[in-house]
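Structure assessment
Next come the chains, spelled out residue by residue.
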Amino acid sequence: MAQFTFTNNTYAGEALAGFMASTLLEADSVKRGLLTVINDVKSRKVILDVDDDVVLQDPSGIFTDQGTTAAQNESYLDPVVYEFMKQEQWDKLIQSWEAQSLKPGAFLDYEGVVDLSDFMVQRYLTKIQIANERLYWLGKSSTKEASFTAAFNGLLPTIAAASGVYKVGLGKPATSMAATAIDASGIVTVTDTTTLADGDVVTITNVTGSSKDTTNGAPGINVQGQSYFIQIVNATSFKLVRNYNEVNTRKPATFSGTSTAATISYINVSNVLQVLGGVYAQLDPADRIQDDFNLQVPLHVGYAYAQAQANKALNVINAFTDLKKMDYLGLPLQIMNHWQANTILGARSSNLFLGVDLLGDSSELSTVYLKPYTNDNVVRMKARMKAAVNYKFANEIFYLSA
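Residues numbered from 1 in each chain as written. Predicted model: local features only at pLDDT ≥ 70, side-chain atom pairs only at ≥ 80, totals over all residues. Heavy atoms only, no water.

1. Some thoughts on the pattern of salt bridges
One pass over the structure, following the stated rule, counts 10 salt bridges. The shortest N-O distance in the salt bridge between Glu246 and Lys144 comes to 3.0 Å. Within this pair, whereas Glu246 is found in the loop between β15 (237-243) and β16 (255-256), its partner Lys144 is found in the loop between α4 (116-138) and α5 (155-161), the two being separated by 102 residues in sequence. We classify Lys144 as partly exposed; its relative accessible area is 41%. (Salt bridge = Lys/Arg side-chain N within 4 Å of Asp/Glu carboxyl O. Helix = DSSP H or I, 4+ residues; strand = E, 2+ residues; numbered from the N terminus. Buried < 20%, exposed > 50% of the residue type's maximum accessible area, 1.4 Å probe, protein only.)

Written out as structure tokens, the structure is:
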């Protein structure tokens, strides 16, 4: 039988760097190089951009300045400190380790000493990474794991609100339709569901009425701006099955109130090639040719694109078995797992910034077993992190959303 121990640790400074790098810097988009990471951001950090025109002048023996004024703009990384804290009973932690580590059968018991402090830390790292990924892109308001009070807008809301960003909507006939009713069970009435299919993801805007999403309890959140997986009910209606933000919890969507009008926007198999073609045509060539330029799309758009490729592959034997390449006319598509639905972002990684402070006093991770001190048979883990996100050049960003 295994013998269990627990090491009380406080990781700070150099000893903390590995853990904080795992939580802050191993978020999916960071590992793929979609953000430029700036370390040692202890307080507001200024990102200065300078731009000026070039004037080609007549030759002159006397220096004559071209007479233009360089435009200087500042953006900021304002770091926010937040924490994860968890307490577990000692026996429950042992049971959890056994469930993950031991195979069935009396002769397969684990022999040796197990330090449960490392097990406890590692078990939560992946979930913290996902929470940070969502926080970086969606901001606090759309990250259900975030309950701290400080403002954290996230990159997508910041970009959506910025002037100078090239913005495109989905308000065209091929990518949107009008809804005439949303009832209290999440049934949406439209003119025709021919272009929709089971499993599509729709985004709801311009809502007239009192519809609220009560998936996580009353009073709920406004349906306005939310996205949902759907199931087709009949030729003129579909059901909102699950909020896109609940893709990990798999909670079924529940609702209260009704609405009499709304706009339904979507990217699916029926229109994804048209959408990507329109996006490609509108990208700035000066940005598109850069090595670090990416088109970032949510998971459901990637699935739709793969399906559309298979559908278009006439007389190809393995059309529905081969893995599809995720690029469009040579431009790489980055599939974002924890992202905003029906959104496409075109940007260079050198224009999107994540500020962290791996070695600062505000970053710490500690584990402690309380029984020797308070006689409480519980263990505690606490992780304190600091992060900030922003962009530099708004006019070098393409943003499509509902």
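2. Digging into the confidence of the model for the chain
With 89% of its residues at a pLDDT of 70 or more, the chain has an overall mean of 87. Predicted confidence for residues 12-17 stays below pLDDT 50, and this span has 9 contacts to residues more than four positions away or in other chains. (pLDDT = per-residue confidence, 0-100. Contact = heavy atoms within 4.5 Å.)

3. Here we look at the sheet that holds strand β25 (residues 398-401)
Reading across the sheet, the 6 strands line up as β8-β25-β21-β18-β20-β19 and stay open at both edges, with mixed pairing between neighbours. Strands with a single pairing partner mark the edges of an open sheet, and in this sheet they are β8 (166-169) and β19 (327-328). As defined by bridge partners, β19 adjoins strand β20 (residues 331-336) across 2 bridges and the pair is classed as antiparallel. By the bridge assignment for β20, Asp327 is matched with Pro332. (Pairing = 2+ DSSP bridges.)

4. Details of α4
The terminal C-alpha atoms of α4, which comprises 23 residues, lie 33 Å apart, in line with the 33 Å expected from a rise of 1.5 Å per residue. The sharpest bend along α4 measures roughly 35° and falls at Leu125. The positive-phi residue at the C-terminal boundary of α4 is Gly139, with phi of around 85°. (Expected span 1.5 Å × (residues − 1). Bend = angle between axes of the 7 residues up to and from the residue.)

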